[in-house]
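Coordinates in review
The chain contents come next:
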Amino acid sequence: MTMNTNCLHTGFAQGHVSLGGSTAHRSSLALQERRTVKSRRTVASVRCQAASTETEQATPADALLHNASSKAERFDGRAFRRGLGKTGRYIRNPINDKDSLALMETHGVGYSTTGLVAQMRESGNLWQFKDITVKLANAYGYCWGVERAVQMAYEAKKAYPGQKLYVTNEIIHNPAVNQRLKEMDIEIIEDKTGTGKDFDPVQEGDVVILPAFGASVSEMRLLSDRKVQLVDTTCPWVSKVWNAVDNQSRKAHTSIIHGKYSHEETVATASFATTYLVVRDIAEAEYVADYISNGGSKTELLDKFKNSVSAGFDPDTDLERLGLANQTTMLRDETLQIGKLLEKTMMEKYGPAELKDRYMVMDTICDATQTRQSAVYELTATQDQADKRVDMMIVVGGFNSSNTSHLQEIPELRSVPSYWVNSAACIDVDSNKVMHKSAHGDMNETKNWIPDGPLVIGVTSGASTPDRAVEDVLDKVFKIRDPSYAGVPPRLEPAVPAKPEE
């Protein structure tokens, strides 16, 4: 099959990596923290050079930033971010610029107001084309934090004409959106070789956008020292997780982070913690709980989590007080399960009287993640009822999107045929073939995936997926059924877009 390479190269190679996979392609969080500030000059020299300049011209806000980052005993991330807000070089909220919003609509990177998805919303999330019935999940696609981040990037492009703009990673995990930013001359600073990002081209006065899932402390400190204009699009739900690990650090608790250690959000979250251990799933959490309860081989534990713990981690002392945090895109039910496990483990080891001092948790589960997962559970909950079941699921979202992988995981666990595509480029209309990804990272090609006869398709999309991507996928599905299909005429009057979660 000759597949459009856009299906393969936009995120496939950067899909999530299992902790049980080959160590050849893994790197520790600490190593990523070092690599992320790679420059032809060393980071130390950059900071020293910036500090020497600020000795003569330092503002109170700049002093606060350096005081926050110079405390050897514990980095005060909260004070650091407050200091950024006082520099005059830091923006963290959108301004709802009408021109920017209109351009997003034109580029198809916002909510659909005239297309197929908009019309489906007005039809009870249902659409009929010949003998194909499409059921759109009750919650799907762009979340508030993602839409907000894209909007701020568009607003920054308008607000700083003639200035060089960068973003410290993909703004969100969606290939079409990131390609649009590149076409707008916003340069994405990526670690393409595994040796770290190169921030050398970024100079004082440039504009640097921090993506929706945040940036590590080391990146923010480097950029602050460079005196760039920062546009911080970090989702407030991610910031909430940072506050949680900051509170845990203040109380000398180790942060147990439910997440994927190599995911940018988890890297950023861990950088705000003093001591941490990242667990990917309940199985790894159970391993940690067993060590707390029964002891074991320290060497074995440290080897198992060598890519997922803070520097100098000692399980014999650092697991005596715990706090739970999570990567916002993980499976909600599994995060809750891990929380209950850790709470039970600490209570059994230290007794109910000490539990309050030994374990702390703050609800950091993202509402958008939760509602999208619940909607897929609902869509696939009636498979035993012929009049309500779906014959297949289509999941649309970037192949490197964690939240999308968990949407795909739900129908897989329920044995519902499901096809995760990152864009319409994965679908070959003439051959009725699709290139799709499993929740665990395998790429597959399926022939005759749209069979003849009546078909009920459930559709959802990841929180980083604009409505246009879903519309493009459905256009190809309908064209497989009827080669003469020419698209759904747009509404003459724009519909009110679905209100995202806030």
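See the structure shown above.
Keep in mind it's a predicted model, so treat the numbers as computed, not measured.

Take the packing of aromatic side chains next. Per the stated rule, a full pass over the model turns up 8 aromatic pairs. A ring pair is formed by Phe129 and Tyr485, whose centres lie 5.1 Å apart and whose planes are at 75°; its orientation type is edge-to-face. Of this pair, Phe129 sits in strand E2 (residues 126-129) while Tyr485 sits in the segment after helix H20 (467-481), and the two are 356 residues apart along the sequence. There is no split in this pair, since Phe129 and Tyr485 are both buried. Aromatic pair Trp242 and Phe272: ring centres 4.4 Å apart, planes at 15°, arrangement stacked. Residue Trp242 is located in helix H11 (residues 236-250), and its partner Phe272 is located in the loop between helix H12 (264-271) and strand E9 (276-279); the two are separated by 30 residues in the primary sequence. Linked through ring pairs, Phe129, Phe478 and Tyr485 together constitute an aromatic cluster. The cationic tip of Lys130 hangs over the ring face of Phe129; the distance from NZ or CZ to the ring centre is 5.8 Å.

Turning to the sheet that holds strand E7 (residues 229-232), a few remarks are in order. One key point about sheets: their strands pair by backbone hydrogen bonds, in either a parallel or an antiparallel sense. Strand order in the open sheet made by the 5 strands is E1-E7-E6-E4-E5, with parallel pairing throughout. Each edge of the sheet is formed by a strand with only one pairing partner; in this case those strands are strand E1 (90-91) and strand E5 (186-188). Alignment of E1 against E7, held across 2 bridges, turns out to be parallel. Across the sheet, Tyr90 pairs through a bridge with Leu230, a residue of E7. Across the sheet, helix H8 (residues 144-159) touches E1, strand E4 (165-167), E5, strand E6 (207-210) and E7, and the angle it forms with E7 is around 150°.

With that settled, the discussion passes to the side chain of Arg358. Checked against the element boundaries, Arg358 lands in helix H17 (residues 355-358). Given a relative accessible area of 13%, Arg358 falls into the buried group. A polar side-chain atom of Arg358 sits 3.2 Å from the main-chain carbonyl oxygen of Glu320. Discounting residues that sit within four places of it in the chain, Arg358 has contacts with His253, Glu320, Arg321, Leu322, Met346 and Tyr350.

Residue position: Ser293 is located in helix H13 (residues 282-294). Ser293 sits 55 residues away from Glu348 along the chain, and the two C-alpha atoms are 8.1 Å apart.

What follows concerns H11. Between its first and last C-alpha, H11 extends 21 Å over 15 residues, near the 21 Å set by a 1.5 Å rise per residue. The complete set of buried residues in H11 reads Trp237, Val238, Ser239, Val241, Trp242, Ala244, Val245, Asp246, Gln248 and Ser249. Backbone geometry just after H11 places Ala252 at a positive phi near 60°.

With that out of the way, let us pick up the pairing of strand E3 (residues 132-136). Where burial is concerned, most of E3 is hidden: 5 out of the 5 residues are buried. Of the two faces of E3, both are covered, the one formed by Ile132, Val134 and Leu136 as well as the one formed by Thr133 and Lys135. In terms of strand pairing, E2 meets E3 through 4 bridges, oriented antiparallel. Directly across from Trp127, in E3, lies its bridge partner Val134. Between E2 and E3, which follow one another and run antiparallel, lie 2 residues, and Lys130 among them has a positive phi close to 50°.

With that settled, consider the pairing of strand E17 (residues 455-461). For a regular strand, side-chain orientation follows a simple rule: the groups alternate between the two sheet faces. Most of E17 sits inside the fold, with 6 of its 7 residues counted as buried. Strand direction decides the pairing type here: E3 and E17, joined by 5 bridges, are parallel. From the neighbouring strand, Lys135 faces E17, where its bridge partner is Gly458. Examined bridge by bridge, strand E12 (residues 392-396) and E17 share 5 bridges and lie parallel to one another.

The next subject is the sheet that holds E9. Overall, parallel pairing links the 4 strands, which are arranged E9-E8-E10-E11 in an open sheet. Of all the strands in the sheet, the pair left with one neighbour each is E9 and strand E11 (359-361). Across the sheet, the axes of successive neighbouring strands diverge by a mean angle of 25°, strand direction being ignored. Sheet strands touched by H13: E9 and strand E10 (322-326). Its angle to E9, the strand with the most contacts, is close to 135°. Packed onto the sheet, helix H16 (residues 332-350) meets strand E8 (254-258), E9, E10 and E11 and runs at close to 180° relative to E10.

Calculation criteria
Residues numbered from 1 in each chain as written. Predicted model: local features only at pLDDT ≥ 70, side-chain atom pairs only at ≥ 80, totals over all residues. Heavy atoms only, no water. Phe/Tyr/Trp six-rings, centres within 6.5 Å; stacked < 30°, edge-to-face > 60°. Helix = DSSP H or I, 4+ residues; strand = E, 2+ residues; numbered from the N terminus. Buried < 20%, exposed > 50% of the residue type's maximum accessible area, 1.4 Å probe, protein only. Lys NZ or Arg CZ within 6 Å of the ring centre and 35° of its normal. Pairing = 2+ DSSP bridges. Contact = heavy atoms within 4.5 Å. Axes fitted to C-alpha atoms, helices over the stretch in contact; angles between N-to-C directions. Polar contact = N/O pair within 3.5 Å; in protein donor to acceptor, adjacent residues only side chain to side chain. Expected span 1.5 Å × (residues − 1).

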